[in-house]
Amino acid sequence: MGTRAFQRPFYVVCFLTGCLVATILSRPLDESSAGHTFQKRIRMPGVVSDRKDALVCHAMKMDQDPSYILEFEPHARKETAHHMVLYGCREPGTKKDWWYCDDMEGSSERSVCGDWSHQIIYAWALDAPAKKLPKDVGFRVGGTTDYQYVVVQLHYREKFKDGESDSTSGVTLHMTHDPQPLQSGYYILASYGYIPARQQEVHVDVACMYDMDMPIHAFSYRTHSHNQGVVTAGYRIRDGVWTEIGRMSPQQPQMFYNTTNGGVDIKKGDVLAARCTMTTKDREEEVIFGATNNDEMCNFYIMFDTTHQDDLKVQMCTRSSPEFHLGDYYENIPALASSLEGVNLRFPKMEHKGHASHKKHQMRLV
């Protein structure tokens, strides 16, 4: 089938509590475009986690003049935290030095931001290394952007023992005030809802038409699910042809990988789609989508660059599981969308065994 079903943009409510992003494999920085660089070190100021799965935040004001993040250097340990997320805010949820920030959908003193303005800048998980952006690319903050504050949110695994505190977790931002030729941004495909229990293989699908006038160039991707995730794949669909942006197991390190085809251009009228293949054969009850490790997520992150110089916002595409199915719109879904065939896994022993199909590819995929 064609793309007629996507002629209207989707209007849905999205939550991204606990969404993870991590590192990118890319070219080294080109100092000729970066010029003078400086660092901002954001560390948790002696925070205390008084419960399991606590979400704790700390904010830092950005410079009045616009600046460009060139590299994210994380300081965290997987033994301590499930993940660390950096959000951009116009105002933080509170002026306190640190606070519990488990209100991701409201505007309160337990919110990440004080005005519903939170947008993802970076995130870390599973001891992922530092993230450098490609040559001539920067993530703009401060100035006239909505990123007046950077808020670090730590999702701690356990309640701290008496006398314990955290003054080391955080991130170092490597930055410049020199304008970069290309801006970096995110397009995120994500699902909400639930998946049924006791299933050998479950497909969770997301798709939206890209309706922005601004062309973008996808140079990196990241997949994310929790314990039930087996394979996540993302595609650009143009004139009926599926181009793979990336395909990876969410059980591998939480990092951004180079796109499958060395970069994918995206323009208005393209459809962006993702499929998460999961297994719930070990679960006795339906699995809801949510923030805790016992819940699930189906997220596909596209990191792009653009020559567009206006302030950017994170672009979102969300769909409901199990209501939305790519098969209702397309008959030529790539067989490899549910397979790890041909994928270079850094740690093969981390994979689920025997859950994802490994059928041979039987359609045009460029």
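Residues numbered from 1 in each chain as written. Predicted model: local features only at pLDDT ≥ 70, side-chain atom pairs only at ≥ 80, totals over all residues. Heavy atoms only, no water.

### Quick look at the overall build of the chain
Quick reminder of the rule: Segments assigned H or I by DSSP are reported as helices when at least four residues long, segments assigned E as strands when at least two residues long, and all are numbered from the N terminus. Only protein chains enter the calculation, and the probe is 1.4 Å; a residue is then buried if its accessible area is under 20% of its type maximum, exposed if over 50%, and partly exposed in between. We call two residues contacting when some pair of their heavy atoms lies within 4.5 Å. Each accessible area is a Shrake-Rupley estimate made with a 1.4 Å probe; only the visible protein chains count as cover when residues are assessed.
What the chain contains, in helices and strands, is one helix and 22 strands. Looking at the chain residue by residue over its 366 residues, the buried ones come to 56%. For the chain, contacts bridging at least 24 residues in sequence account for 84% of all contacts bridging at least 6. As displayed, the chain has an accessible area near 15700 Å², and 49% of this comes from carbon and sulfur atoms.

### Regarding the sheet that holds strand β7 (residues 119-124)
Spelled out, the test is: We treat two strands as partners when DSSP finds at least two bridges between them.
An order of β6-β3-β10-β5-β7 is seen for the five strands of this open sheet, with the pairing classed as antiparallel. In the strand order of this sheet, the two ends are held by β6 (99-100) and β7, each with one partner.

### Quick word on the state of the cysteines
One covalent bond between the sulfur atoms of two cysteine residues makes up a disulfide. Note the following rule: The definition used for a disulfide is geometric: two cysteine sulfur atoms within 2.5 Å.
The tally for this structure, following the rule as stated, stands at four disulfides. What pairs with Cys 57 in a disulfide is Cys 101, and their sulfur atoms sit 2.1 Å apart. Between Cys 57 and Cys 101, the S-S torsion sits near 85 degrees, and that sign places the bridge as right-handed. Taken together, the positions of Cys 57 in strand β3 (residues 55-61) and Cys 101 in the loop between β6 and β7 put the pair 44 residues apart, joining distant regions of the chain. The exposure class of Cys 57 is buried, given its relative accessible area of 0%. By relative accessible area, Cys 101 is classed as buried at 0%. Here Cys 208 pairs with Cys 317 through a disulfide, and the sulfurs are 2.3 Å apart.

### Here we look at empty space enclosed by the protein
Selection criterion: Lining residues are defined by having an atom within 4 Å of a point belonging to a cavity or pocket. Those points lie on a 1 Å grid over the protein atoms alone, cavities being sets where a 1.4 Å probe fits but cannot get out and pockets being open sets with protein on both sides within 12 Å along at least five of seven lines. Grid points are joined across faces, edges and corners, and a volume is the space filled by probe spheres set on the points.
If you walk through the whole model with that rule in mind, you get three cavities of 30 Å³ or more. Contributing to the lining of the largest cavity are Phe 139, Arg 140, Thr 145, Tyr 147, Gln 183, Ser 184, Gly 185, Tyr 186, Asp 311, Leu 312, Lys 313 and Val 314. At the level of elements, β9 (137-141) and β12 (182-195) are the ones that each hand at least two residues to the lining of the largest cavity. With four residues, the single largest contributor to the lining of the largest cavity is β12.

### So, the nonpolar core
Cut-off, in case you're wondering: We call a set of buried residues a nonpolar core when its members are Ala, Val, Leu, Ile, Met, Phe, Trp, Tyr or Cys and they connect through side-chain atoms within 4.5 Å of each other.
Counting 51 residues, the largest nonpolar core has Leu 86, Val 112, Ile 121, Val 171 and Leu 173 as the members making the most contacts within it. If you look at the next biggest cluster of nonpolar residues, it comprises 27 residues, including Val 230, Ile 245, Ile 302 and Leu 345.

### Observations concerning the sheet that holds strand β16 (residues 241-248)
The strands that make up a sheet are held in pairs by hydrogen bonds between backbone atoms, and each pair lies either parallel or antiparallel. The following threshold applies: To obtain an axis, a line is fitted to C-alpha atoms, over the contacting stretch when the element is a helix, and the angle between two such axes runs from 0 to 180 degrees between their N-to-C directions.
As summarised here, the arrangement of the four strands in space is β13-β19-β15-β16, forming an open sheet in which the pairing is antiparallel. This sheet does not close on itself; its edge strands, each paired only once, are β13 (202-209) and β16. The sheet shows a mean angle of 20 degrees between the axes of neighbouring strands, direction not considered. By the bridge criterion, eight bridges tie β13 to strand β19 (residues 271-278) in an arrangement that is antiparallel. Bridge pairing in β19 places Val 202 opposite Met 278.

### Regarding the side chain of Thr 306
Keep this limit in mind: Side-chain atoms alone can form a polar contact between residues adjacent in sequence; in general such a contact is a pair of N or O atoms within 3.5 Å, and within protein one must be able to donate a hydrogen while the other accepts it.
Locating Thr 306 in the fold gives a position in strand β21 (residues 299-306). There is a polar contact of 3.3 Å between the side chain of Thr 306 and the backbone oxygen of Pro 215. Once residues lying within four places of it in the same chain are set aside, the contact partners of Thr 306 are Pro 181, Leu 182, Gln 183, Met 214, Pro 215, Ile 216 and Leu 312.

### So, the packing of aromatic side chains
Going by this rule: Classification of ring pairs rests on two measures: the distance between centres of Phe, Tyr or Trp rings, Trp counted by its six-membered ring, which must be within 6.5 Å, and the angle between planes, read as stacked under 30 degrees, edge-to-face over 60 and tilted in between. Both a distance and an angle decide whether a charge sits over a ring: NZ of Lys or CZ of Arg must be within 6 Å of the ring centre and within 35 degrees of the ring normal.
Scanning all chains against the criterion turns up twelve aromatic pairs. With centroids separated by 6.0 Å and ring planes inclined at 45 degrees, the aromatic side chains of Phe 139 and Tyr 186 adopt a geometry described as tilted. Separated by 47 residues along the polypeptide, Phe 139 in strand β9 and Tyr 186 in strand β12 bring together distant segments of the chain. What makes Phe 139 buried here is its relative accessible area of 4%. With relative accessibility at 2%, the residue Tyr 186 sits in the buried group. Ring centres of Tyr 235 and Trp 242 lie 5.4 Å apart, and the angle between their planes is 75 degrees; on these two criteria the pair is classed as edge-to-face. When its relative accessible area of 2% is taken as the criterion, Tyr 235 is described as buried. Among the aromatic residues, ring-to-ring pairing joins Phe 139, Tyr 147, Tyr 186 and Phe 256 into one connected group. The ring of Tyr 100 is capped by Arg 51, whose NZ or CZ atom sits 4.3 Å from the centre of that ring.

### Brief notes about the pattern of salt bridges
In plain terms, the rule: Salt bridges, as used here, are contacts in which a Lys or Arg side-chain nitrogen is within 4 Å of a carboxyl oxygen on Asp or Glu.
This model, assessed by the stated rule, comprises 15 salt bridges. Residue Arg 198 pairs with Glu 284 through a salt bridge whose shortest N-O separation is 3.6 Å. In this pair, Arg 198 sits in the loop between β12 and β13 while Glu 284 sits in the loop between β19 and β20 (287-288), placing the two residues 86 residues apart along the sequence. Residue class for Glu 284 comes out exposed when judged on its relative accessible area of 59%. Among the salt bridges present, the one from Arg 238 reaches Asp 270, with a minimum N-O distance of 2.8 Å. Placement of the pair is Arg 238 in strand β15 (residues 229-238) and Asp 270 in the loop between β18 (264-266) and β19, with a sequence separation of 32 residues. Take Arg 238 and Asp 270: they sit in the same class, and that class is buried. Residues joined in a network through salt bridges with shared partners are Arg 236, Arg 238, Asp 265 and Asp 270.

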